[in-house]
Amino acid sequence: MTQANDTPNDLAAFWMPFTDNAYFKAHPRMLVAAEGMHYTAADGHSVLDATGGLWCVNAGHCRPQIVEAIRQTAGRVDFAPTFQLGHPLAFEAASRLAMLMPQGLDKIFFTNSGSESVDTALKIALAYQKARGQAGRTRLIGRERAYHGVNFGGISVGGIVGNRRPYATLLPGVDHLRHTHDPARNAFSRGLPQHGAELADDLERLVALHGAETIAAVIVEPVAGSTGVLIPPVGYLQRLREICTKHDILLIFDEVITAFGRVGKATAAERFGVTPDLITMAKGLTNAAVPMGAVAVSRHVHDTIEGSGPDGIHLFHGYTYSGHPLASAAAIATLDLYVTEGLFEKAIELEDYWADAVHSLKGARHVIDCRNIGLIGGIELEPRPGAPTMRAMDVFRRAFDEGLLIRTTGDIIALSPPLILEKSHIDRIFGKLAEILAAVD
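Quick notes on the rules
- Counting starts from 1 at the beginning of each chain's written sequence and moves along it residue by residue.
- Where local features are concerned, this predicted model is filtered to residues with pLDDT of at least 70; where side-chain atom pairs are given and counted, the filter is 80 or more; whole-chain, interface and lining totals use all residues.
- Only heavy atoms go into the side-chain values, all of them from the structure, while hydrogens and water stay out.
- Interaxial angle, 0 to 180 degrees, is taken between N-to-C directions of lines fitted to C-alpha atoms, where a helix line uses only the stretch in contact.
- Starting at the N terminus, helices and strands are each numbered in turn, a helix being any DSSP run of H or I of at least four residues and a strand any DSSP run of E of at least two.
- What makes a crossing left-handed is the near helix being turned counterclockwise from the far one by less than a right angle; a clockwise turn instead makes it right-handed.
- Two residues form a contact once any of their heavy atoms are found within 4.5 Å.
- Charged means Asp, Glu, Lys or Arg here, nonpolar means Ala, Val, Leu, Ile, Met, Phe, Trp, Tyr, Cys or Pro, and polar covers whatever is left, Gly included.
- Our angle categories are set so that under 35 degrees counts as roughly parallel, over 145 as roughly antiparallel, 65 to 115 as roughly perpendicular, and the remainder as oblique.
- Burial classes follow relative accessibility: with a 1.4 Å probe on protein chains only, a residue under 20% of its type's maximum area counts as buried, one over 50% as exposed, and anything between as partly exposed.
- Space inside and on the surface of the protein is sampled on a 1 Å grid over the protein atoms alone, with a cavity defined as a set of points where a 1.4 Å probe fits but cannot get out and a pocket as an open set with protein on both sides within 12 Å along at least 5 of 7 lines; lining residues have an atom within 4 Å of a point.
- Grid points are joined across faces, edges and corners, and a volume is the space filled by probe spheres set on the points.
- Strand pairing requires that DSSP identify at least two bridges connecting the strands.
- Only buried Ala, Val, Leu, Ile, Met, Phe, Trp, Tyr and Cys residues count toward a nonpolar core, and they belong to the same one when joined by side-chain atoms within 4.5 Å.

Peer 1: Help me out: how do you make sense of the packing of helix α4 (residues 88-100) against helix α13 (residues 325-340) in this one?
Peer 2: A pair of packed helices can be characterised by two numbers: the angle between their axes and the separation between those axes. Running from N to C, α4 and α13 point in directions that differ by 35°, and their axes come no closer than 9 Å. For the element pair α4 and α13, the recorded crossing hand is left-handed. Mapping the contact onto sequence places Leu89, Ala90, Glu92, Ala93, Arg96, Leu97 and Leu100 in α4 and Pro325, Ser328, Ala329, Ile332, Leu335 and Asp336 in α13. Considered class by class, the residues forming the contact of α4 with α13 number nine nonpolar, one polar and three charged.

Peer 1: Can you walk me through the packing of helix α5 (residues 114-131) against helix α12 (residues 299-306) in this structure?
Peer 2: Look at α5 against α12: their axes get within 9 Å of each other, and the N-to-C directions meet at 60°. The angle between the axes of α5 and α12 places the two elements in the oblique class. The two elements α5 and α12 meet at a crossing, and its hand is left-handed. Residue-level inspection shows Ile124, Ala127, Tyr128 and Ala131 of α5 in contact with α12, the latter providing His300, Val301, Thr304 and Ile305. Residue composition of the contact of α5 with α12, grouped by class: six nonpolar, two polar and no charged.

Peer 1: What is the right way to read unusual backbone geometry from this model?
Peer 2: Peptide bonds are mostly trans, and most non-glycine residues show a negative phi. The phi dihedral of glutamine 84 falls on the positive side, at around 65°, and the residue is not glycine. Turning to its location among the elements, glutamine 84 is positioned in the loop between α3 (64-76) and α4. What makes glutamine 84 exposed here is its relative accessible area of 70%. Backbone geometry at aspartate 248 places phi at a positive 60°, although glycine is not the residue there. Relative to the elements of secondary structure, aspartate 248 occurs in the loop between α10 (236-246) and β8 (250-254). What makes aspartate 248 partly exposed here is its relative accessible area of 40%.

Peer 1: Sorry if this is basic, but what is going on with the layout of surface pockets here?
Peer 2: Gaps between atoms show up when a probe of the same size as a water molecule is rolled over them. Its boundaries defined by the atoms lining it, the second largest pocket holds a volume of some 1,000 Å³. Around the second largest pocket, the lining is made up of 28 residues, and of these Thr82, Ile108, Phe109, Glu306 and His317 lie nearest the centre. Elements with a minimum of two residues in the lining of the second largest pocket: α4, β4 (107-111) and α12. Here the element with the most residues in the lining of the second largest pocket is α4; it accounts for five residues. By residue class, the composition of the lining of the second largest pocket is 15 nonpolar, ten polar and three charged.

Peer 1: Help me understand the pairing of strand β9 (residues 278-281), please; the structure alone is not making it clear to me.
Peer 2: Successive residues of a regular strand alternate their side chains across the two faces of the sheet. The two faces of β9 match: Leu278 and Thr280 on one face and Ile279 and Met281 on the other face are all buried. Note that β8 and β9 share three bridges and pair parallel. Along β9, the bridge assignment pairs aspartate 254 with threonine 280. As judged from the four bridges shared by β9 and strand β10 (residues 293-297), these two strands associate in the antiparallel manner. Bridging across to β10, methionine 281 finds its partner in alanine 294.

Peer 1: How should I be thinking about the sheet that holds strand β3 (residues 46-49) in this particular structure?
Peer 2: Pairing between sheet strands relies on hydrogen bonds along the backbone, with the strands arranged either parallel or antiparallel. As summarised here, the arrangement of the four strands in space is β1-β2-β3-β13, forming an open sheet in which the pairing is mixed. On the outer flanks of this sheet lie β1 (31-35) and β13 (404-405), each paired with one strand and no other. Two strands pair when backbone bridges link them, and β1 and strand β2 (residues 38-41) are joined in this way by four bridges, in the antiparallel orientation. Paired with glutamate 35 across the strands is histidine 38, a residue of β2.

Peer 1: In this structure, what is going on with the sheet that holds strand β11 (residues 367-373)? I would like to understand it.
Peer 2: Taken together, four strands build an open sheet; the order of strands is β11-β12-β15-β14 and the sheet is antiparallel. Two strands close off the open sheet at either side, each with one partner strand: β11 and β14 (407-409). Across the sheet, the mean angle from the axis of one strand to that of its neighbour is 20°, orientation sign disregarded. Relative to strand β15 (residues 412-415), strand β12 (residues 376-381) is paired through four bridges, and the arrangement is antiparallel. Following the sheet pairing, glycine 378 is matched in β15 by alanine 414. Helix-sheet contacts for helix α14 (residues 343-359) involve β11, β12 and β15, and the interaxial angle to β11 is about 175°.

Peer 1: It is not clear to me how the nonpolar core should be interpreted in this structure. Could you clarify?
Peer 2: One recurring pattern in soluble globular proteins is that nonpolar side chains are buried together. If you look at the biggest cluster of nonpolar residues, it comprises 98 residues, and the most contacted ones within it are Phe430 and Leu433. It is α13 that contributes the most residues to this core, ten residues altogether. Counting residues in each nonpolar core, the second largest holds 20 residues, with Val157, Ala217, Leu250 and Val297 among its members.

Peer 1: Would you explain the environment of tyrosine 23 in this entry?
Peer 2: Residue position: tyrosine 23 is located in helix α1 (residues 21-26). The exposure class assigned to tyrosine 23 is partly exposed, which follows from its relative accessible area of 28%. For the pair tyrosine 23 and serine 298, spaced 275 residues apart in the sequence, the C-alpha separation amounts to 46 Å. Aside from chain neighbours lying at most four places away, what touches tyrosine 23 is Arg29 and Arg397.

Peer 1: Is there a simple way to explain empty space enclosed by the protein in this structure?
Peer 2: Within this structure, the stated rule accounts for two cavities of 30 Å³ or more. Of the volumes computed, that of the largest cavity is approximately 120 Å³. As for the largest cavity, its lining consists of 15 residues, and the residues nearest its centre are His181, Asp182, Asn186, Pro193 and Arg371. Broken down by secondary-structure element, the contributors of at least two residues to the lining of the largest cavity are α8 (183-186) and β11. Considering every element that reaches the lining of the largest cavity, the biggest residue donor is β11, with three residues. Its residues assigned to classes, the lining of the largest cavity shows eight nonpolar, four polar and three charged. Computed from the structure, the second largest cavity encloses a volume of approximately 70 Å³. Forming the walls of the second largest cavity are 14 residues, and the residues nearest its centre are Arg143, Thr180, Glu221, Ala224 and Leu230. Classifying every residue of the lining of the second largest cavity by side-chain character gives eight nonpolar, two polar and four charged.

Here it is, written out as structure tokens:
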């Protein structure tokens, strides 16, 4: 039997995603093992994971319950198609997931990633409008600075220019709301910023411009993660829901990051008391042990599509690996862990201590803003003149070498640790960051 080699014989073949490939391959930083709150680097030093892998390892690394569920399933049924057939684990995973969703969002469509979940939700929105006799509603509304994955639908409604600029062909008929980031009024907000609910009224501008009868759906992240931890102002999501309802527009929450305890509840919809029509998920669904995504769909939307014609296929969409047995097993085991260990509740219990730690960096060298919600933190740095992003990247590299994994986007440090962390981990994360910020140029 071949075994994994901690020292690859060649770095050339792997074209790494969202990576400065030339720099990495000249200065590789490798992770070779993981357990609990820590990774092990190739040179043997321990790395405290302050990012939950990539916003996704919510229950900590290599949890035995999840590992064993995958192992047992792999030995029993390695693959089973879900086109015109099924296997029990997919149905159990869907039922368990539906129980965590807001009331009425109890139809689950499985995907393999957040990007696929977003494109699936957009297609369901368009199929719904056609099924109810509103085929002219084809326009999709995203938001500036939004990240909705990397498929063509996602980058079309997304608003990060670097993800859009290289690709000339995007979906037609897409427009964008203004983003909510307002450091002039909301810098160093603890929890939800007080100013900016009125920014939701930008949707009324787009309705006036295009006509409500042309708009199928609005998609937003309740908390925008990959663009730098942009937290919704008080009342913003509620106002967006009111406008969508008024104009009969579907509201989609992209909760690929915020679902599964990251903001202290199963979903941000629950935390903020706003129920959308669809929710996209991935990442924490399986604790990242096996790739899996999902879309929770309101019963009304589902039933409208499924009742739109004679018997047969009504939604012409799906993936070979939708509801894959190993992913389903991992999802069930992960959802069990969240419940038995009370991890969503733990996030709420630690939120104030976490917030104090995030805001302890106010006044630290280079820091121009700190923001937090749940167990998410954003530390915004002043860019270096003529070299944007490089100060944060230097912090990232130095942190790794000194035993701390963080995430950076632009000049923003984004933090999202596994929900199993203790106060001692929080102290170490922010103590180390304070040291590094004092030392970098």
